[in-house]
Amino acid sequence: MLKFLLRRLMIAIPTLLLIATLAFGLLHATPGGPFDTGKRMPAAIQRSIEAKYHLNEPLWRQYLRYLGDLLHGDLGPSFQYRNTSVNELIRVGLPVDIEIGSLALGVAVLFGGSLGMMAAIRRNTAWDTVAMFLAALGVSVPVFVVAPLLILVFAVQLNWLPSGDWRSGEFRYLVLPVIALCLPYVAYIARMTRGSALEVLSSSYIRTAWAKGLPQRSVILRHALRPVLMPLVSFLGPAFAGVLTGSIIVESVFGLPGIGRYFLTGAVNRDYTLVVGITVLYGALIIAFNLLADLCYAWIDPRVRLDS
Amino acid sequence: MSAFRLFGLGLFGSAGLAACGGGTPAASGVQPVSVGTALAAEQTITRGLQDAPRTLDPSLATDTVGQDVIDDLFEGLTTIGPDGGLAPGVASSWETSADGKTWTFHLRPEARWSNGDPVTAADFVYAWHRQVDPKTGSEYAQALAPIVGAMDIATGHAPVENLGVSAPDAHTLRVSLIAPTPYLLALVADSYLQPLHHATIEKFGDDWSRPEHMVSNGPFVLKEFIIGDRITLDKNPRYWGAAGVRPARVIYYPLDSVIQISRYLAGDIEISDVFQTDQFQWLKSHLGDQVHTGPYLGIQQLVFNMIDGPFAHNPKLREALSMAVDRRILANKVRLGVQEPAFSILPPLAGYHQPVPAWANWNDAQRHAEARRLYAAAGYSAQNPLRVQLLYSTDPQNRDLYDAVAAMWRTTLGADVQPYNEEFRVYLQDAALHKAVLMQNFWIGDFPDPFTFLQLFQSGFAQNFGGLSDRRFDALLAAAANEPDNERRYRLFEQAETRLNDEADAVPLLYYTSRHLIKPYLKGWHLNLLDRMPSRYLYVLEHQGN
C-alpha cells in the first residue's frame, strides 16, 4: 500500500512539472502580452511595468523563477487582477467550486444511481424506456442551454429562486447551479449503472441468491450493489476533477466566484501566472482524484491488489 | 478606460442566452411594474458590470468597469455632477494664470477621508506622484502627460519630485502644465488623478485597496470585494456631501452582458451597464422604455497603412473606399439603429463643428458614382480590382460589421476585400506593428476634448496603427496644444480633422452608444458622453413587482 502510494507520488511530480512547463511555454508563445490593452501605452512605460513583473528577462530565467516560486507553493501575482496573488484567487474561488461540485456529484450519484438501478431491475418496461430517454436527454443537452433555461423558468417567470449570485453558499443560491451542473452527470451515471447492473444481475451468484429465495431488497442491496458500483468508483475520480474544471459555464451564467472563470479570462488577458497556476492545480486535482479512486477500488473490491 | 470592454467576453455568454433572447415564449411574460412617487424604504441599488474590475486602486485601474466603482469610492478635484456634466468635487473653486499653464485649485476644508482625516492638497500631490512613479507600475501614467515633468518621470528619466504639482498650503493645490490644457477640469475627474490616503498606502502597501484597509474620500466606502462575485459599497457618512447621497448600499455584480439581461429580468440587478446591439430589438419589444441608449464618446473606424501597401500615397483610393461605405445602412440595418453613422472621426462634441466631408450629404447614386470615378483614377478596375485583407479583432459583432463593409466595396467598386480576425491581444500587437494594410482602430475618448481622438493620427503615438506621419497635421495639433483660448483651439482641431478628411486617412464608420437597461423605479440618472453613472445621485421609488 505504502509502496503503491510512493510510486504514484513519484510519477505525479514529473507529470505536474511537465504540465507547468507546457502551460508556461504555450502561454508565452501566444502573441500579445498581459499589458497590451485597448489603449496602448508609450513603450518606455510599458517596459518599466514589464520590468516590475520580470517580463523583460529571458524566458528561461522567468521559467526558473516561476518554478522556484512554485516549489514554495507561491503561484505568483496575477497580471489581470493587480495587487492580487493567484494563491488568493484560488483560496477564495476553489471552495466555491468544491461545494457546488461535490453537491452536484452527490446528487448525480443518488439520482443517476437510483435511476439506472431501477431501469436495470425493470428492464424493458416503460420505466426503463423513460429513464433511459431522460438520460439521453441529459447527456445531449449542453449546460449552456440548460442553465439559462433554468434561470428563465425558475427565476424570471416563477420568481422562486434567485437568478444567480453566491452569498457564501446559501441554499437558495445553490439550487439552480447544482441542477445545471449535475444533469449531464445524472444522465451519464444512470446509463453506466444500468449497464453495470444488467451485467451483475445476470451473473450466476445473483441467480443463486434468487434461487435461495432471498427477498428482492436483500439481493439488490447486499449482493448486487457493491459490484454494480465498481465502474462508478473509477468514474467518480476523474468526474470530480471534471466537475471542478467543467463548471466554467455554470459559474459564468450564475455569476459564481469560482476559479473556472479565471481560467477563461486569464487566457484571454494573457494572465500567465493565473492560467499556469490553475492548470497546475487542475492537474494536481486530477492526479489526486485518480489516486483516490484507485484506493477506493481496492477497498471495495478485495480482489484488487495495489502492490502487485 | 480601455476599449477592451467592448470586445470583452461575449464568448459563450452570447451563445447561451442569445438562444433564449431569440424569443422563447417563456421569456415574453415580463412582469409589469407599478411605480409610486414616494421614496422606497430600502435604498439599495444593484448594478451589473460586464467584467470584474482589475483592481480598485485608482492609480492602477485602467478599465471602464473599474472607473464606475472608483467614481463611487473616490472624488477628485472635479467630479461628475447630477446632470452628467462636470461639477466641483473636492475643489470648490479654481483659477488659471493668463497663459493657461498654471492652475490653482482651492480645496473645500470640509472634505474628509472615510477615517475622518481631512482631505488635503498633499493627498493629491502624493497620489499624482504615485501615478507617474515607474515603481507603481501604472499602465496609464501618460494620463498625466500635460503636467510638467510627468512623462520624464514615468519613463524613469527624472525623480518624482520634478512633477509640476505642489501644495502651498493644506487646501491649495497648484498645477503647472506644459501647455494650456482646457480639458484639465475633465482630466482631474478621472480615477487616475483622485487623491489617495498616504498613511494607509504606506502601512498596507499593495494590500491597501482591500475592503478591510481601504480609506477613501468619495460618497461610498468599500465593504466587500469578491472578484468573481460582487462588490458591495456602503454610504460614507463622513463624505462632505453625504446629506445628498440617497443610496445606503450599492452592490455591483460583474456579469457578462448577456447574463446581465437574465439577472435584470429576474429583478436581481436594476441597472445593466451594457447590452449587445443584436439584443436591442428583443429588449425594446419586451422592456420598452426600460431600454436606454445615448451618445458615447467613441468611434469605430478603419485606418489605412500609410507606410506601405496599396493605400500609402494613394489618397484617391482611400477616398473611394471611404465614400463607398453606406454608413446609414451600417447604423440602421447592421446595428439596428442603436449606433449613429460617423462621417468624421470626432463624435459630436459641444462647441466643436464636425468637419463633415461634402459627399456625406449626397444621394447614394451620386456618392457611388464619385467613388467609382476615384477608384478608377487610382488605377483599379474590374480587370484589376483591389485585393486586400482587413484586420479586426475577433468578435461576432465586428464580423457582421466588416462583412457588410466588404460587401459594399464589392458591389459598388468591385474591390475584393477579405476581412480576417485575430484574437484581441494578437490583433493589438499586429496592428501596432503595422502588419495589416487595412485595420480597425476603435477608440473611446478619455475626456470630452478633440485631442483625445486626433492624437490617434499624431506621428509616433502608440496607437497610430496606420503609421500616419503628416507634417501639416502634426503642426496643427502642436499649434492647438499651445493655444490658451479654447475657441481658437477648437478651430485648430477642426482644421486638423479637415486635413484628415481631405487625405481620407481613415474610414470612420459608427459612433458608439451607451446602452443600459434601467428599472422604471430607479431615478436620478443621466446618460452622458463618458458613460459614467455615479451611484450617489440614484434613488429608488416605491414599486410593486420588478
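One numbering rule holds for all chains: residues counted from 1, following each sequence as written. Written order determines the labels here, with chains lettered from A and ligands numbered from 1. This being a predicted model, a pLDDT of at least 70 is required before a residue's local features are given, and a value of 80 or more before pairs of side-chain atoms are given or counted; all residues contribute to the totals for chains, interfaces and linings. Neither water nor hydrogens contribute to the side-chain values; these are computed over all heavy atoms in the structure.

Draft legend 1. Fine view of the overall build of chain B. Scanning chain B for helices and strands turns up 17 helices and 21 strands. Here the globule rule is a power law, 2.2 Å times the number of residues to the power 0.38, and the radius of gyration is based on C-alpha atoms. Expected size for 546 residues packed as a compact globule is a radius of gyration near 24 Å; at 24 Å, chain B falls within 12% of this value. Taken along the three principal axes of its C-alpha coordinates, chain B extends 75 × 60 × 35 Å. Residue exposure (1.4 Å probe, protein chains only): buried if accessible area is under 20% of the type maximum, exposed if over 50%, otherwise partly exposed. Expressed as a percentage of its 546 residues, the buried residues of chain B come to 61%. We call two residues in contact when some of their heavy atoms are within 4.5 Å. Long-range contacts, defined as pairs at least 24 residues apart, comprise 70% of the intrachain contacts of chain B with a sequence gap of at least 6. To be clear on the numbers: accessible area is Shrake-Rupley with a 1.4 Å probe, and residue cover counts the displayed protein chains and nothing else. Surface accessibility of chain B: about 19,000 Å² in total, with carbon and sulfur atoms responsible for 52%. Here chain B contributes 44 positive and 60 negative side-chain charges, whose respective centroids are spaced 3 Å apart. By the criteria applied, helices consist of DSSP H or I runs no shorter than four residues and strands consist of E runs no shorter than two, each listed in order from the N terminus. When charges are counted, Lys and Arg contribute as positive and Asp and Glu as negative, whereas His and the chain ends are disregarded. Lys charges are placed at NZ, Arg charges at CZ, Asp charges at CG and Glu charges at CD.

Draft legend 2. Representation of the side chain of A:Ser78 in the model. All names here are of chain A. Looking at the secondary structure, you find Ser78 in the loop between helix 3 (59-71) and helix 4 (86-121). Engagement of the side chain of Ser78 in a polar contact is seen with the backbone nitrogen of Gln80, the distance being 3.3 Å. Contact partners of Ser78, with chain neighbours within four places excluded, come to Tyr53, Thr84, Ser85, Val86, Leu89, Asp271 and Thr273. The term polar contact refers here to a pair of N or O atoms within 3.5 Å; inside protein, the definition further demands a hydrogen-donor-capable atom paired with an acceptor-capable atom, and it admits residues adjacent in sequence only when both atoms are side-chain atoms.

Draft legend 3. How the structure looks around the pattern of salt bridges. Residues and elements named next belong to chain B. Each salt bridge in this description consists of a side-chain nitrogen of Lys or Arg and a carboxyl oxygen of Asp or Glu lying within 4 Å of one another. What the rule picks out here adds up to 32 salt bridges over all chains. As a salt-bridge pair, Asp364 and Arg367 come within 2.7 Å of each other at their nearest N and O atoms. Placement of both Asp364 and Arg367 in helix 12 (residues 364-377) is noted, with a separation of three residues, approximately one turn of the helix. For Arg367, a relative accessible area of 3% corresponds to the buried category. Look at the salt bridges and you will find they share partners, linking Arg318, Asp470, Arg499, Glu503 and Asp505 into a network.

Draft legend 4. Fine view of the packing of helix 16 (residues 471-481) of chain B against helix 17 (residues 486-503) of chain B. Residue and element names in this part refer to chain B. Each axis is a line fitted through C-alpha atoms, and for a helix only the stretch in contact is used; angles between axes span 0 to 180 degrees, taken between their N-to-C directions. Look at helix 16 against helix 17: their axes get within 9 Å of each other, and the N-to-C directions meet at 165°. Between helix 16 and helix 17, the crossing angle belongs to the class labelled roughly antiparallel. The way helix 16 lies across helix 17 gives a crossing that is left-handed. Each of Arg472, Phe473, Leu476, Leu477, Ala479 and Ala480 in helix 16 lies in contact with helix 17, whose residues at this interface are Arg489, Leu492, Phe493, Gln495, Ala496, Arg499 and Leu500. For this scheme, ten residues count as nonpolar: Ala, Val, Leu, Ile, Met, Phe, Trp, Tyr, Cys and Pro. Four count as charged, namely Asp, Glu, Lys and Arg, and the remainder, Gly too, count as polar. Tallied by class, the residues present in the contact of helix 16 with helix 17 amount to nine nonpolar, one polar and three charged. Note that the term roughly parallel is reserved for angles under 35 degrees, roughly antiparallel for angles over 145, roughly perpendicular for angles of 65 to 115, and oblique for everything else. Note on convention: near helix rotated counterclockwise from far helix by under a right angle means a left-handed crossing. Clockwise means right-handed.

Draft legend 5. Expanded view of helix 11 (residues 260-268) of chain A. All of the buried residues in helix 11 of chain A are A:Gly260, A:Arg261, A:Tyr262, A:Thr265, A:Gly266 and A:Val268. Two residues or fewer after helix 11 of chain A comes A:Arg270, characterised by a positive phi angle close to 55°.

Draft legend 6. How the structure looks around the sheet that holds strand 1 (residues 34-39) of chain B. Residue and element names in this part refer to chain B. A sheet is described by the order of its strands in space; here three strands give the open sequence 1-21-20, paired in antiparallel fashion. Two strands close off the open sheet at either side, each with one partner strand: strand 1 and strand 20 (522-523). Pairing between two strands requires that DSSP report at least two bridges joining them. Pairing of strand 1 with strand 21 (residues 539-544), which is carried by three bridges, proceeds in the antiparallel orientation. Considered in strand 21, the bridge of Leu39 is made with Leu541.

Draft legend 7. Main features of unusual backbone geometry. Even without a glycine there, the phi angle at A:Asn159 is positive, about 60°. Looking at the element boundaries, A:Asn159 is found in the loop between helix 6 (143-157) and helix 7 (171-201). Since its relative accessible area comes to 38%, A:Asn159 is described here as partly exposed. The phi torsion at B:Leu336 lies on the positive side, around 55°, for a residue other than glycine. Structurally, B:Leu336 can be placed in the loop between helix 11 (327-334) and strand 14 (340-341). For B:Leu336, a relative accessible area of 26% puts it in the partly exposed group.

The analysis is restricted to geometry; functional conclusions fall outside its scope.
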